[in-house]
Amino acid sequence: MAAKPKEFVVWAEKYRPTKIKDIIDQEHVVNRVKAFLKDRNLPHMLFAGPPGTGKTTLALVIARELYGPQWRSNVLSLNASDERGIDVIRGKIKDFARTKPIGDVPFKLIILDEADAMTAEAQQALRRTMEDFAAITRFILICNYSSKIIEPIQSRCAVFRFKALPEKFQKEFINRIVKGEGLEITEDGIKALLDIAEGDLRKVANLLQAAAAMTKKIDANIVYDVASQAKPKEVEEMLNLAMKGNFLKAREKLHKMLLIEGLAGQDVIKQIYKQSLKLDIPEDKKVELIHLIGEYDFRISEGGDALIQLTSLLAHFALIAKKK
Amino acid sequence: MAAKPKEFVVWAEKYRPTKIKDIIDQEHVVNRVKAFLKDRNLPHMLFAGPPGTGKTTLALVIARELYGPQWRSNVLSLNASDERGIDVIRGKIKDFARTKPIGDVPFKLIILDEADAMTAEAQQALRRTMEDFAAITRFILICNYSSKIIEPIQSRCAVFRFKALPEKFQKEFINRIVKGEGLEITEDGIKALLDIAEGDLRKVANLLQAAAAMTKKIDANIVYDVASQAKPKEVEEMLNLAMKGNFLKAREKLHKMLLIEGLAGQDVIKQIYKQSLKLDIPEDKKVELIHLIGEYDFRISEGGDALIQLTSLLAHFALIAKKK
Amino acid sequence: MAAKPKEFVVWAEKYRPTKIKDIIDQEHVVNRVKAFLKDRNLPHMLFAGPPGTGKTTLALVIARELYGPQWRSNVLSLNASDERGIDVIRGKIKDFARTKPIGDVPFKLIILDEADAMTAEAQQALRRTMEDFAAITRFILICNYSSKIIEPIQSRCAVFRFKALPEKFQKEFINRIVKGEGLEITEDGIKALLDIAEGDLRKVANLLQAAAAMTKKIDANIVYDVASQAKPKEVEEMLNLAMKGNFLKAREKLHKMLLIEGLAGQDVIKQIYKQSLKLDIPEDKKVELIHLIGEYDFRISEGGDALIQLTSLLAHFALIAKKK
Amino acid sequence: MAAKPKEFVVWAEKYRPTKIKDIIDQEHVVNRVKAFLKDRNLPHMLFAGPPGTGKTTLALVIARELYGPQWRSNVLSLNASDERGIDVIRGKIKDFARTKPIGDVPFKLIILDEADAMTAEAQQALRRTMEDFAAITRFILICNYSSKIIEPIQSRCAVFRFKALPEKFQKEFINRIVKGEGLEITEDGIKALLDIAEGDLRKVANLLQAAAAMTKKIDANIVYDVASQAKPKEVEEMLNLAMKGNFLKAREKLHKMLLIEGLAGQDVIKQIYKQSLKLDIPEDKKVELIHLIGEYDFRISEGGDALIQLTSLLAHFALIAKKK
Amino acid sequence: MTWIRKYAPKSLKEYVNQKEAVAKFLAWIKNWKPGKKPLLFYGPPGVGKTALVYAYAHENNLAVIELNASDTRNYSTIRKVIGSSMKGATLFKKGKIFLIDEIDGLAPRYDAGAVNELLKIVKESRYPIVFIANDPYSPKLRHLRENCELVAFKKLSVYDVERRLKQILDAEGIKADKQVLRAIANRNAGDLRGAINDLEVVARGKKEITVKDLDVLGYREREENIFNTLKIIFKTKSPIAAKLSIMNIDKDPDEVFWWIEENVSNEYEKLEEIAKAYDALSIADIFRRRIMKRQNWRLMVYYTDMMTIGVALAKKEMYRKFTRYKPPSVLRTLGMLKYTREKEKQELKDLAEYLRCSTKKVKTEFLPFLKLIYKDRFKDK
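Given the structure is predicted, the values throughout are model-derived calculations rather than measurements.

This next bit is on the overall build of chain E. The secondary structure content of chain E amounts to 16 helices and seven strands. Dimensions of chain E, computed from the C-alpha atoms along their principal axes, are close to 75 × 65 × 45 Å. Counting across all 381 residues of chain E, residues that qualify as buried make up 56%. Counting contacts in chain E only where the partners sit at least 6 residues apart, residues at least 24 apart contribute 75% of the total. By element, 55% of the accessible surface of chain E is carried by carbon and sulfur atoms, the whole surface being about 17400 Å². Counting 75 positive and 50 negative side-chain charges, chain E places the centres of these two groups 3 Å from one another.

Residues and elements named next belong to chain E. Judged by pairing direction, the sheet is parallel, and its five strands sit side by side in the order β2-β3-β4-β1-β5 without closing on themselves. Each of the sheet's edge strands pairs with one partner strand only, and the pair in question is β2 (62–67) and β5 (149–152). Between one strand axis and the next, the sheet turns through 25 degrees on average, direction left out of account. Strand direction decides the pairing type here: β2 and strand β3 (residues 95–100), joined by six bridges, are parallel. Looking across to β3, one finds that V64 is bridged to I97. Helix α2 (residues 19–30) rests against β1 (39–42), β3, β4 (129–133) and β5 of the sheet, and its axis sits at about 145 degrees to β5.

Our focus in this paragraph is the interface of chain C and chain A. Contact residues are listed per partner, giving 40 residues for chain C and 46 residues for chain A. Ranking the residues of chain C by area buried against chain A places Y273(C), V287(C) and F298(C) at the top, with a combined share of 14%. The partner of E295(C) in a salt bridge is R299(A), with the nearest N and O atoms 2.6 Å apart. Looking at the side of chain C that touches chain A, its residues break down into 14 nonpolar, ten polar and 16 charged.

Let us now look at a negative patch on the surface. Taken together, the side chains of D87(A), E121(A), E83(B) and D87(B) make up a negatively charged region of the molecular surface. Residue placement: D87(B) occurs in helix α5 (residues 86–98).

A few words now on the packing of helix α12 (residues 253–267) of chain E against helix α13 (residues 271–294) of chain E. Residue and element names in this part refer to chain E. Across the interface, α12 lies against α13 with an axial gap of 10 Å and an inter-helix angle of 165 degrees. One element, α12, and the other, α13, form an angle in the roughly antiparallel class. Two packed elements cross with a definite hand, and for α12 against α13 that hand is left-handed. Where α12 abuts α13, its residues D254, F257, W258, I260, E261, V264 and S265 lie against I274, A277, Y278, L281, A284, D285 and R288.

Of the transformation placing chain C onto chain A, the axial shift is 2.2 Å and the rotation is 72 degrees, giving an RMSD of 0.8 Å. When the interface residues of chain C are mapped onto chain A, a mere 5% of them again fall at the interface, so the copies present different faces.

For the structure shown, the criterion picks out seven cavities of 30 Å³ or more. Within this model, the largest cavity holds a volume of roughly 410 Å³. R16(D), G52(D), G54(D), T57(D) and R202(D) are the residues nearest the centre of the largest cavity, which is lined by 31 residues in total. When residues of the lining of the largest cavity are traced back to their parent elements, those giving at least two are α1 (11–14), α3 (55–67), β4 (137–143) and α10 (201–214) of chain D together with α16 (359–373) of chain E.

This part is about the interface of chain E and chain D. Between chain E and chain D, the contact holds 56 residues from the first and 57 residues from the second. Between chain E and chain D, a total of about 5200 Å² is buried, with carbon and sulfur atoms accounting for 60% of that surface. The three residues of chain E that bury the most area against chain D are L271(E), R356(E) and F369(E), which together make up 14% of that side's buried surface. Counting the contacts that link chain E with chain D gives eight salt bridges. There are 17 residue pairs in polar contact (both at pLDDT 80 or more) connecting chain E and chain D. Only α12, α13, α15 (329–355) and α16 of chain E provide two or more residues apiece to the side of chain E that touches chain D. Element by element, the count of residues in the side of chain E that touches chain D is highest for α13(E), at 15 residues. Class assignment for the residues of the side of chain E that touches chain D results in 27 nonpolar, seven polar and 22 charged.

So, about helix α11 (residues 220–227) of chain C. For α11(C), the buried fraction is high: six of the eight residues fall into the buried class. Taken as a whole, α11(C) has its buried residues at A220(C), I222(C), V223(C), Y224(C), V226(C) and A227(C). For α11(C), the secondary structure elements touched by its buried residues are α9 (187–197), α10 (201–212), β7 (217–218), α12 (232–243) and α14 (265–278) of chain C together with β5 (158–161) of chain D. Of the residues trailing α11(C), S228(C) is marked for its positive phi of about 55 degrees.

Before going further, it helps to spend a moment on the arrangement of the chains. Contacts between protein chains span six pairs of chains, and they are most numerous for chains D and E. Regarding chain A and chain D, the two do not touch, and the least distance separating their C-alpha atoms is 12 Å. Taking C-alpha atoms as the reference, chain C and chain E come no closer than 13 Å and do not contact one another.

Residues and elements named next belong to chain C. In terms of burial, strand β4 (residues 137–143) is a largely internal element, seven of the seven residues being buried. Alternating positions in β4 separate into two faces, T137, F139, L141 and C143 on one and R138, I140 and I142 on the other, with burial throughout. Strand direction decides the pairing type here: strand β1 (residues 45–48) and β4, joined by four bridges, are parallel. Bridged to M45 within β4 is I140. The sheet contact formed by strand β3 (residues 108–113) and β4 spans five bridges and is parallel. In the sheet register, K108 faces β4, and the bridge partner there is T137.

Let us now look at the environment of V75(B). Residues and elements named next belong to chain B. By the secondary structure assignment, V75 is in strand β2 (residues 75–78). Since its relative accessible area comes to 10%, V75 is described here as buried. Taking the C-alpha atoms as reference, V75 lies 34 Å from A211; in sequence the two are 136 residues apart. In contact with V75, other than residues within four places in its own chain, are A63, Y67, F96, L109 and I111.

Residues and elements named next belong to chain D. A cluster of basic side chains, namely K203, K231, K233, K274 and K278, defines a positive patch on the protein surface. Counting through the fold element by element, K274 comes out in helix α14 (residues 265–278). On the accessibility criterion, K274 (39% relative accessible area) is partly exposed.

Aromatic ring pairs are defined here through the distance separating the ring centres and the angle between the ring planes. Counted by the stated rule, this structure contains 30 aromatic pairs over all chains. Relative to W259(E), the ring of F227(E) lies with its centre 5.7 Å away and its plane at 85 degrees, an arrangement referred to as edge-to-face. In this pair, F227(E) sits in helix α10 (residues 219–235) while W259(E) sits in helix α12, placing the two residues 32 residues apart along the sequence. Taken together, the ring pairs in this structure connect F25(E), W28(E), F41(E), Y56(E) and F153(E) into an aromatic cluster. The ring of F96(A) has K108(A) lying over it, and the distance from NZ or CZ to the ring centre is 4.3 Å. Stacked on the ring of F160(D), the Lys or Arg R32(D) has its end atom at 4.2 Å from the ring centre.

Attention shifts here to the pattern of salt bridges. Following the criterion strictly, the structure yields 72 salt bridges over all chains and no others. If you follow the salt bridges from partner to partner, you end up with E295(A), R299(A), R299(B), E295(C), R299(C), E295(D) and R299(D) in one network.

What follows covers the domain arrangement of chain A. When its domains are assigned, chain A resolves into domain 1 (26–161), domain 2 (167–227) and domain 3 (232–322). Of note, the centres of domain 2 of chain A and domain 3 of chain A, computed from C-alpha atoms alone, are 27 Å apart.

Residue and element names in this part refer to chain C. You can see T137 is positioned in strand β4. A distance of 2.8 Å separates a polar side-chain atom of T137 from the backbone oxygen of F133. Residue contacts for T137: discarding those within four places in its chain leaves H44, A97, F107, K108 and I110.

Moving on to the pairing of strand β1 (residues 45–48) of chain D. Residue and element names in this part refer to chain D. The two faces of β1 match: M45 and F47 on one face and L46 and A48 on the other face are all buried. In this structure, β1 lies alongside β5, joined through four bridges in parallel fashion. Opposite M45, over in β5, you have A158 as the bridge partner.

Rules of the game
Residues numbered from 1 in each chain as written. Chains lettered and ligands numbered in written order. Predicted model: local features only at pLDDT ≥ 70, side-chain atom pairs only at ≥ 80, totals over all residues. Heavy atoms only, no water. Helix = DSSP H or I, 4+ residues; strand = E, 2+ residues; numbered from the N terminus. Buried < 20%, exposed > 50% of the residue type's maximum accessible area, 1.4 Å probe, protein only. Contact = heavy atoms within 4.5 Å. Areas by Shrake-Rupley, 256 points an atom, 1.4 Å probe, with all protein chains shown as cover. Lys, Arg positive; Asp, Glu negative; His and termini not counted. Charge placed at Lys NZ, Arg CZ, Asp CG, Glu CD. Pairing = 2+ DSSP bridges. Axes fitted to C-alpha atoms, helices over the stretch in contact; angles between N-to-C directions. Buried area = accessible area lost by both parts, 1.4 Å probe. Salt bridge = Lys/Arg side-chain N within 4 Å of Asp/Glu carboxyl O. Nonpolar A, V, L, I, M, F, W, Y, C, P; charged D, E, K, R; others polar. Patch = residues over 30% accessible without salt bridge, like charges linked within 9 Å, V, L, I, M, F, W, Y side chains within 5 Å. Parallel < 35°, antiparallel > 145°, perpendicular 65-115°, else oblique. Left-handed = near helix turned anticlockwise from the far one by under 90°. Least-squares fit on C-alpha atoms with pLDDT ≥ 70 in both. 1 Å grid on protein atoms, 1.4 Å probe; cavity = no way out; pocket = protein on both sides within 12 Å on 5 of 7 lines; lining within 4 Å. Points joined across faces, edges and corners; volume = space filled by probe spheres on them. Polar contact = N/O pair within 3.5 Å; in protein donor to acceptor, adjacent residues only side chain to side chain. Phe/Tyr/Trp six-rings, centres within 6.5 Å; stacked < 30°, edge-to-face > 60°. Lys NZ or Arg CZ within 6 Å of the ring centre and 35° of its normal. Domains from an automatic or database assignment.

Here it is in structure tokens:
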């Protein structure tokens, strides 16, 4: 038998901070957490915010800071890819909470990722579980939108809001990986990453890893390719063609994107949306266009034929441009 | 081992009235119930009305007033987070209904919350139990709309309709908590509470508690923040910008709400809906707006891209304002 | 009992290449794959691209090249749109991975077709399964749009993008079958095939087989007939009638297509779309028409009655043509 | 409705051929089928074509020719438009396929009528079912539109296209009934039948039977008379009322059709569409009407309540008629 | 003891109306012998289906062995309860009657195999069996239905109900206004049990009751409410007023919707206004469907706003007239047809089988002709 195949390391894990001082941004949150850690007493906590802004990271950091090296035996971490029928959760939590915490912290920690993916019913049951085990456990619930967590849970938690990361910190993170992996990246490559990741550091790491699998020299083209996203430049050109009345040429470009490059209609329309904001046309026309984009975005998401629908959208662009 | 962590008290429970004289509003219902209590004789009852109007509270008050301190042994209370499938109705509930009451009241009480969430099948299984053990057990069924309860059950109950609470009473409740907890609250803070809670006292209590965890001085900003809701003022400004033709500024505001503050698209559109009724435009255009907002709300909840859809909605507002 | 019934041979299978050198086009993909095969070590792979461009074919070729004649016992091939439910998938994979690979390759191969048909949840579970069995299996995931695959999976895979085949190669494939089966085909027959198949070789093979069941001499008419597609010429005539204001005649043609020939509304509107691009009318009217087509395509895809909706579309065509 | 089917004799059933030599026309289809029958080996088959062209008849004939007198125990006949839900279909097929075929044909036969009424999803499941039971069953799928059958099924079937019957053969069928029932028919009576039936033999039989219920001597007048009596005149009357501005009466008629007679909304709107084409109003108003019908058809197909949507449509009709 | 128990009929003399059903039942039970088809009683709630069996049993000293929806009814429990008591004789009674109540309340998952087991028992039973259902055309009852003789129970007349209420009050020694009893009877629309329950709520422990005592039922409030709501919607031009008009109403929005629909053309006179109001209703309806289909309750506000604000703002000017608002004819018709509908469906299915096509095709392609060919059979249409 041949050698064991190489282990595959996911960069999003590899570059995840493990100490509280390494956490990027989110100062207002981190400061409150530090205060709790000093007391060695935590309330239940609810971390809410966009993806890739460090919520899970902070939760794991808290675990490490609280329990030190044996943190794993004091922490139960569940996420959406685990079974989360409430029965399972309850069973696991029960089993986990039954044994005493190891070390001097009087409670164990349960981290529940993507809590807003749970149905309201499951959350109701979770609330009950939180109460039943309140004396010996603390929960950190992680979600994108706290408004999707039922109130009885919210009112039992200290709520922390994570904000999208400013570009400055995203670039910092990109550079950390680029150096760590011995890559090269162009300015527009960075821009492309920021454009697609929209403040999500996990996405940044994933995209970089996928791009690096193709080449060590990363530029915008490769980033858009591995992300399977429409290239801003091509979309811009297409829109300009349509606006200048060269509808047929515009349509050809569209055909290419959809049929030859195989992009998904939804990804193309997202880029159209972004580009149309930047178009050099009178404000009122822009308004009309954007109004339309919403309509077409919906049609495509409902299953309309992407080619016909996007062509129709281009037709609108042409029409609106012509109307004086 | 360190000290046992402090017990966590939920205000919605702490401030729930326990005596019939403390019940806020719902005079027409309370008077009838008082009459029943005086006789120590209840019919089966069906409480219908919007959430947070005191239905469950009244049911529990009845239990206390009837049985005094040992009320728990004469009352079975099940709500949506309990199993209420047909097997429970045939098992647990029937068993409880069958045994004799303890003490001097000749019947026991079964409270079924959110009875309209029970399947028609489960309701079917309930009807004969209600009738056969009526001599020793009374039911209080709680629901939003009595019409969701199958007819044969309705014809076995006295139906009571709860009304949405007038602001006056909600404010009274807020003040009770504010005083009880030694908080301060501004006028606009109260308004914000009323705006979000929409007449639901439980929500009021939960929100206040969450806000108080941040600061003892509560104002509108904090309330909207803890509720993770769009601020009416900001949304109003955004809409006005759009209606006055400054679409780009409006869009910037939207971006901020969605991307920086991390609000859910659905929460933003909810506030847009509320504001739109107050906009200074001809009344008959408002119908058009409501239709539009509903359409976009639907699109977003169907998975449409929140940013694109809401921008498109703003564009629509701009267009409507311009026509004319 | 009589003899075992004769096997029905599907040409799409019969003419599927089995060796890597026979694969048509997709050079950039094939070259990377060859490199992996030389090392006898594969990463997980994600094949993305339009239907009928050779993704499944390449996956099977890889299987054969890796394991030789006993490839079947080392390869598990699942179709996500059959085996809905990740539990089923997981179960099968577990059973399959439990036994050691036969031969000298240290891992087994799992081919998962139509992976983008899986819900995000199922994909999450799949991700975990991929991790759990990483040491002893490799996955090839096949999909149309890689953007519909969740990122955590994408970042674990080498992504390969398949492009739609240029006409040249499609014709090559047509000829291969035509010769192999002793058929005759006219020039316009080939054109019709290309028109309908849109770069999908599987469709080409299926269409040819169906046509050959009718006659050995294949022309455009037969191709459109067996494909149950609207004939470009008829649609063109119908549109011209409508544009000339002869709405009733146009409607008659439509009736014929839908009721007598039994064409589906979506197929007719697709042909209308194609033809309207070629209409000899001013650009701005064309744009208007296409806009309308988008609207009606959506309605039909949502379940609108084809006859009613298409008649309404024709009526609009007539109106637009009349407007000067 | 009032009676059990046994009490009816329906000629369309009575004159349905039971032997392959009696099948009228469809020569190209019948010849291929004969070849299969001689081999006693069938592929899966897909019969596509307009109503009343003998698809179901041929399927039943095949069953009889294959299995002889015990055909019923070897054939399962399902109608997809009634047996919604693939689970039901699957269940029945499973039960049916479990037992061995009786006689010497090594497989059983499943006839699935109106297969195009199944959703794409259900068809996917059907495909799998076809595979699972391939060794011991053959399927004959019957549909109007083969393009509504997903490709994976089509490519597993031998596809047979049925065409509307030429006049010659329709006349043959008419004569067969005329003789069988001892009727007389004039030349123009036959012509009238052909005119109305449009190649649909089922309609021919129904028309004849209804005419014969009036008199044994059938001429054109009677045929047209019967046809117009059988045609739902209510829609026409309803439209006339609406166009005359008598909205309330029109609404009443609508209620009667939908509520009392239980007609489907989609069928009624189709009738409205047909009738409105015949209305004696200016062309541009007609276009407006058709446009409206398209809009409301769409709403109904979205799941709108037929009653409310059609009432709204009538209100608009009344309004348009009034506007001069 | 609750009044509904206390005043359950002990004999056929005390039993209210249902003359046809009673006659059928008597004819059946008096000639009953093993193998005879069992009866299936059906009809709306509170009209005396169960009561008839008990009244007869009481009068004739029979034991009633009952299973209802509050019991688990899978095949093994059925076998246990019915099967075992089928063998033994009773000690104190002359005989037995089996009563399987609420048979339409069978829960497929929990009551597995019920119908088959019951059919078996029907064949071997030494005692008469009566089944009871509100809706006998529930598809799960098809086989049972085909093996039973159906007995229809009708809604009771207001007069019937009123008379029975009077008897009860007399027995309790309570005086009452005539209007009170009329009101209670009306409110319960043919449901005697509901009426007796209401009466007990109102009258228990009193010496005399008047119309004012009805407040406790929320009776007047409920009826006035909807008319007020309609008045606001049709008269106001203020969106807020229209929106708030349904806040405290005791009907769910779907019902309110049809009330509004019914009265649009009752209030508005201009076609423009009617069309506009229907536009709003049509859109409201689309929202309603989306709510149901996707369980997306967020859309509730748009649904209710469109039907209130949308209809309110459809008018140009307020009509200064008194309109007598009517209850929705749609709901009334649907209520009336509920049972016959299912029956027709079944007949359609049978025809479809014979004609080898779908029920839809039977309806569109055959029925119009069948109606011409077999005129007598379809006379009732």
